[in-house]
Protein chains: 2
Amino acid sequence: MLRTAVTLFNRKGYDATSIGDLAAELGVTKSAIYHHVASKEELLRLALDDALDELTQVVSAAVGDDGTSAHDRLREVVRRSVEVLVAHQPAVTLLLRVRGNTPVEVEALKRRRWLDDQLADLVRAAAAEGALRADIAPDLVSRLLFGMVNSLIEWYRPQGTHAPATLAEAVTTMAFDGLLRR
Amino acid sequence: MLRTAVTLFNRKGYDATSIGDLAAELGVTKSAIYHHVASKEELLRLALDDALDELTQVVSAAVGDDGTSAHDRLREVVRRSVEVLVAHQPAVTLLLRVRGNTPVEVEALKRRRWLDDQLADLVRAAAAEGALRADIAPDLVSRLLFGMVNSLIEWYRPQGTHAPATLAEAVTTMAFDGLLRR
């Protein structure tokens, strides 16, 4: 049910989707849905939490690990973010389109901002340890790096030709080592 | 009027915006709007053409220029795409969110696909001349490169601290040379 709800939210937009639409799509009655969840907003919260919990785990693991350099942890967090995004693409798509019209969305934006802040801190730490080139401001690096990762939701198709690990490797290689042959 | 229409389309969604909404936002009557444009769809077409014409010009210039290497032309097209995106951010945002629900949107998607195909060809040409690393498939390079460029619409703010030229330089440097200090 949650998977169908997320698909509908992404296709029609959350605001334009009703519990009636979801019931019709599932071929059940509205009361069958209300037997499981209290409201449309609860479905949204469950979906957003799915994406946020996964991403929070990735970021917390990287931030908490002080045995390796910030550069290694940043590279790992990019790689694992790609994997989460691919494995939870519908939920992450919903998360990236949240506008903040409801309390659930406001809360999700708050958690997303926490993630962004942690990632920006990690980029600054990698720059401070001298691993990153100095001619691009760390805040730009952070935006562009995760902009590239997040852009996957626009075109990645699970039935496509690139395995998640290949994709994760391509993103980190391009970002850190660059496209030019050396 | 077009600028206000684009802002409204981006904020509320094209489908959810009416000529009445636009009239209210502008503080004019609906008939004043119909004096200038025949329909809401015409406003959409004008806005999408604005973005598409600019991007087509950038891509055509790069494709037509056979005096320089594919790598140089690709780098230039990335740089100039960033500048177009920043200068026409609302129209490009609208373009990137087009779903294909109306003939105008279908036509815009067709033009967007032409651009994507030209860019993919240019990436393949740069790979074929040996300028790019061989361990990332050209179709992935093309998706990630323009995914990073397009992600600017999500966070770039004209009043921010980075000038368009700085941004364009940061994108090309990160993509081609990589983030690592050498």
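What you see is a predicted model, and the numbers here were worked out from it, not measured in a lab.

Q: Looking at this model, I keep getting lost on the overall build of chain A. Mind explaining?
A: Looking only at helices and strands, chain A features 10 helices and 0 strands. In chain A, the order of α-helices and β-strands from amino to carboxyl end is α-α-α-α-α-α-α-α-α-α. Considered along the principal axes of its C-alpha atoms, chain A spans approximately 60 × 35 × 25 Å. Summarising the internal contacts of chain A: among those between residues at least 6 apart in sequence, 68% fall at separations of at least 24. Each charge sign in chain A was given a centre, from 22 positive and 25 negative side chains, and these centres are 5 Å apart.

Q: Can you help me understand the UniProt feature "DNA-binding region" (unreviewed entry) in chain A in this one?
A: Per the UniProt record, "DNA-binding region" (unreviewed entry) is found at residues 18-37 of chain A. The distance from the first to the last C-alpha atom of residues 18-37 of chain A is 13 Å, and the span holds 65% helix and 0% strand.

Q: It is not clear to me how the packing of helix α1 (residues 2-12) of chain B against helix α2 (residues 19-26) of chain B should be interpreted in this structure. Could you clarify?
A: Axis angle and axis distance: for two packed helices, these are the angle between their axes and the distance between the axes, and together they describe the pair. Residues and elements named next belong to chain B. Direction vectors running N to C along α1 and α2 enclose 120°, while the axes themselves pass 10 Å from each other. Relative to α2, the element α1 is oriented oblique. Here α1 and α2 pass one another in a crossing that is right-handed. Where α1 abuts α2, its residues T4, A5, L8, R11 and K12 lie against D21, L22, E25 and L26.

Q: Just checking my understanding: could you explain the packing of helix α4 (residues 40-64) of chain B against helix α5 (residues 70-87) of chain B for this structure?
A: Residue and element names in this part refer to chain B. At their nearest, the axes of α4 and α5 sit 9 Å apart, and the two run at 165° to each other. Relative to α5, α4 is oriented roughly antiparallel. The two elements α4 and α5 cross, and the hand of that crossing is right-handed. Where α4 abuts α5, its residues E54, L55, V58, V59, A61, A62 and V63 lie against R73, V77, R80, S81 and V84. Class assignment for the residues of the contact of α4 with α5 results in 8 nonpolar, 1 polar and 3 charged.

Q: Can you help me understand the nonpolar core in this one?
A: Across soluble globular proteins, nonpolar side chains have a tendency to be buried as a group. Membership of the largest hydrophobic core comes to 125 residues, with the highest contact counts inside it found for A:L74, A:V77, A:L145, B:L74, B:V77 and B:L145. Those residues in contact with A:L74 that lie beyond four places of it in its chain are A:L122, A:V123, A:A126, A:L132, A:L145, A:F146 and A:F176.

Q: Honestly, the pattern of salt bridges in this entry has me stumped. Any pointers?
A: Once their charged atoms are close, side chains differing in charge can pair, the charge on each being opposite to the other. Here the structure, examined in full by the defined rule, presents 22 salt bridges over all chains. A:K12 is the salt-bridge partner of A:D21, the closest N and O atoms lying 3.6 Å from each other. You can call A:K12 partly exposed: its relative accessible area is 40%. Between B:E83 and B:R79 there is a salt bridge, with the nearest N and O atoms lying 3.0 Å from each other. Of this pair, B:E83 and B:R79 both sit in helix α5, separated by 4 residues, roughly a single helical turn.

Q: What is the right way to read the interface of chain A and chain B from this model?
A: By a widespread convention, an interface's size corresponds to the accessible area lost as its parts come together. Tallying the contact residues gives 39 residues for chain A and 39 residues for chain B. Summed over both partners, the interface of chain A with chain B buries about 3600 Å², with 64% contributed by carbon and sulfur atoms. Its largest share of buried area at the contact with chain B, chain A owes to A:R133, A:L144 and A:L179, together 20% of the area lost on that side. The interface formed by chain A and chain B includes 0 salt bridges.

Q: Would you take a moment to explain the relation of the copies chain A and chain B for this structure?
A: What relates the pair of chain copies is a rotation about an axis plus a shift along that axis. With an RMSD of 0.0 Å, chain A superimposes on chain B once it is rotated by 180° and translated 0.0 Å along the axis. Taken together, the rotation and translation describe the operation of a two-fold axis.

Q: Which parts of the structure should I look at to understand the environment of B:R80?
A: All names here are of chain B. Mapped onto the secondary structure, R80 falls in helix α5. With relative accessibility at 30%, the residue R80 sits in the partly exposed group. Along the primary structure R80 and A62 are separated by 18 residues, whereas in three dimensions their C-alpha atoms are 9.9 Å apart.

Q: Is there a simple way to explain a positive patch on the surface in this structure?
A: Together, A:R97, A:R99, B:R97 and B:R99 make up a positively charged patch on the protein surface. Following the sequence through the fold, A:R97 ends up in helix α6 (residues 89-97).

Q: Whenever I open this one, the packing of aromatic side chains confuses me. Can you help?
A: Residue and element names in this part refer to chain B. All told, the structure shown has 4 aromatic pairs over all chains when counted by the stated rule. Relative to Y156, the ring of W155 has its centre 6.5 Å away and its plane inclined at 70°; by these criteria the two rings are edge-to-face. Relative accessible area serves as the criterion here: at 14%, W155 is assigned to the buried category. In this structure Y156 comes out as buried when scored by relative accessible area, which is 5%. A cation over an aromatic ring shows up here: K40 above the ring of Y14, its NZ or CZ 4.2 Å from the ring centre.

Q: Hey, could you run me through the environment of A:I153 in this one?
A: Residues and elements named next belong to chain A. Relative to the elements of secondary structure, I153 occurs in helix α9 (residues 152-155). Residues I153 and A62, 91 residues apart in the sequence, show an inter-C-alpha distance of 23 Å. Filtering out sequence-adjacent residues up to four positions away, I153 remains in contact with L85, Q89, V92, T93 and L96.

Q: I tried to follow the side chain of B:S81 on my own but got confused; where do I start?
A: Relative to the helices and strands, B:S81 resides in helix α5. Aside from chain neighbours lying at most four places away, what touches B:S81 is B:V58, B:F146 and B:V149.

Conventions adopted
- Residues numbered from 1 in each chain as written.
- Chains lettered and ligands numbered in written order.
- Predicted model: local features only at pLDDT ≥ 70, side-chain atom pairs only at ≥ 80, totals over all residues.
- Heavy atoms only, no water.
- Helix = DSSP H or I, 4+ residues; strand = E, 2+ residues; numbered from the N terminus.
- Contact = heavy atoms within 4.5 Å.
- Lys, Arg positive; Asp, Glu negative; His and termini not counted.
- Charge placed at Lys NZ, Arg CZ, Asp CG, Glu CD.
- UniProt positions renumbered as here; feature names shortened; annotations may be inferred.
- Axes fitted to C-alpha atoms, helices over the stretch in contact; angles between N-to-C directions.
- Parallel < 35°, antiparallel > 145°, perpendicular 65-115°, else oblique.
- Left-handed = near helix turned anticlockwise from the far one by under 90°.
- Nonpolar A, V, L, I, M, F, W, Y, C, P; charged D, E, K, R; others polar.
- Core = buried A, V, L, I, M, F, W, Y, C linked by side-chain atoms within 4.5 Å.
- Buried < 20%, exposed > 50% of the residue type's maximum accessible area, 1.4 Å probe, protein only.
- Salt bridge = Lys/Arg side-chain N within 4 Å of Asp/Glu carboxyl O.
- Buried area = accessible area lost by both parts, 1.4 Å probe.
- Least-squares fit on C-alpha atoms with pLDDT ≥ 70 in both.
- Patch = residues over 30% accessible without salt bridge, like charges linked within 9 Å, V, L, I, M, F, W, Y side chains within 5 Å.
- Areas by Shrake-Rupley, 256 points an atom, 1.4 Å probe, with all protein chains shown as cover.
- Phe/Tyr/Trp six-rings, centres within 6.5 Å; stacked < 30°, edge-to-face > 60°.
- Lys NZ or Arg CZ within 6 Å of the ring centre and 35° of its normal.

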